[in-house]
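Take a look at the letters that make up each chain.
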Amino acid sequence: LGIKTLYLSSPNTLAGISGRIRTWGRIIGQSEKGDQLAFDFDRNLEEIRASLAKIESGPRIYHDEAPGWWTAGSNSLANDIYEFLNAQNVFSDVDGYAQVSIEEIIARDPEVIVSVHPGALDLLASEPGLQGVSAITNDRAVNLNGDLLSIPGPRVLDGIKALASSIYE
């Protein structure tokens, strides 16, 4: 049909978000605004990093992406966020997004479970196999808005702040 198209894969790093903001600024003819928004994004990231400077090693986290024990591993934005926060994704050895077994979750004994899908906390609390996992026994399972942790844009900052608050306060 002669329609110009552009395909961009989603950034899977925080650094990639800044670049994407700049790219969209150029695409829509707003380079200066895109550059400013990217600069502000990077500055806010550095402020968050500075506020966490005393944290050498955060908790072991299971990222509960979707029902059926789906998680985010390396090469995912969620994993990059956990690394940024000095937290340890218990499935960082998995590439991208993958389905894991409940036995694997139990064996890796996360200290915190971060779920990004609605209704997950009830499911986690009712799963008999998870009752001995540190995150459940210590009431450290949290539900966050998945859009804030998976859509690579300026609102990721809100997700990072909510996540940091959930795991460190």
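A few points on the structure. (Residues numbered from 1 in each chain as written. Predicted model: local features only at pLDDT ≥ 70, side-chain atom pairs only at ≥ 80, totals over all residues. Heavy atoms only, no water.)

## Considerations on the side chain of Asp64
Then step 1. Of note, Asp64 is situated in strand β1 (residues 60-64).
Then step 2. It is Arg108 that comes nearest to the buried, bridge-free Asp64 among opposite-charge side chains, at 14 Å.
Then step 3. Reaching out from Asp64, the side chain makes a polar contact with the side chain of Ser115 at a distance of 2.9 Å.
Then step 4. What Asp64 contacts, discounting residues up to four positions off in sequence, is Trp69, Trp70, Ile113, Val114, Ser115, Val116, His117, Ala120 and Leu124. (Helix = DSSP H or I, 4+ residues; strand = E, 2+ residues; numbered from the N terminus. Buried < 20%, exposed > 50% of the residue type's maximum accessible area, 1.4 Å probe, protein only. Lys, Arg positive; Asp, Glu negative; His and termini not counted. Salt bridge = Lys/Arg side-chain N within 4 Å of Asp/Glu carboxyl O. Polar contact = N/O pair within 3.5 Å; in protein donor to acceptor, adjacent residues only side chain to side chain. Contact = heavy atoms within 4.5 Å.)

## Notes on the packing of aromatic side chains
The geometry of an aromatic ring pair comes down to the distance between the two centres and the angle between the two planes.
Then step 1. Within this structure, the stated rule accounts for 1 aromatic pair.
Then step 2. Relative to Phe91, the ring of Tyr62 has its centre 5.9 Å away and its plane inclined at 70°; by these criteria the two rings are edge-to-face. Remark: Phe91 occurs in the loop between β3 (88-89) and β4 (97-99) and Tyr62 occurs in strand β1; sequence separation between them is 29 residues. By the burial criterion, Tyr62 is buried, and Phe91 matches it. (Phe/Tyr/Trp six-rings, centres within 6.5 Å; stacked < 30°, edge-to-face > 60°.)

## Some remarks on the environment of Val114
Then step 1. For Val114, the location among the structural elements is in strand β5 (residues 112-115).
Then step 2. Exposure remark for Val114: the relative accessible area of 0% places this residue in the buried category.
Then step 3. Among all residues touching Val114, those that are not within four sequence positions of it are Ile61, Tyr62, His63, Asp64, Tyr82, Val142, Leu144 and Leu163.

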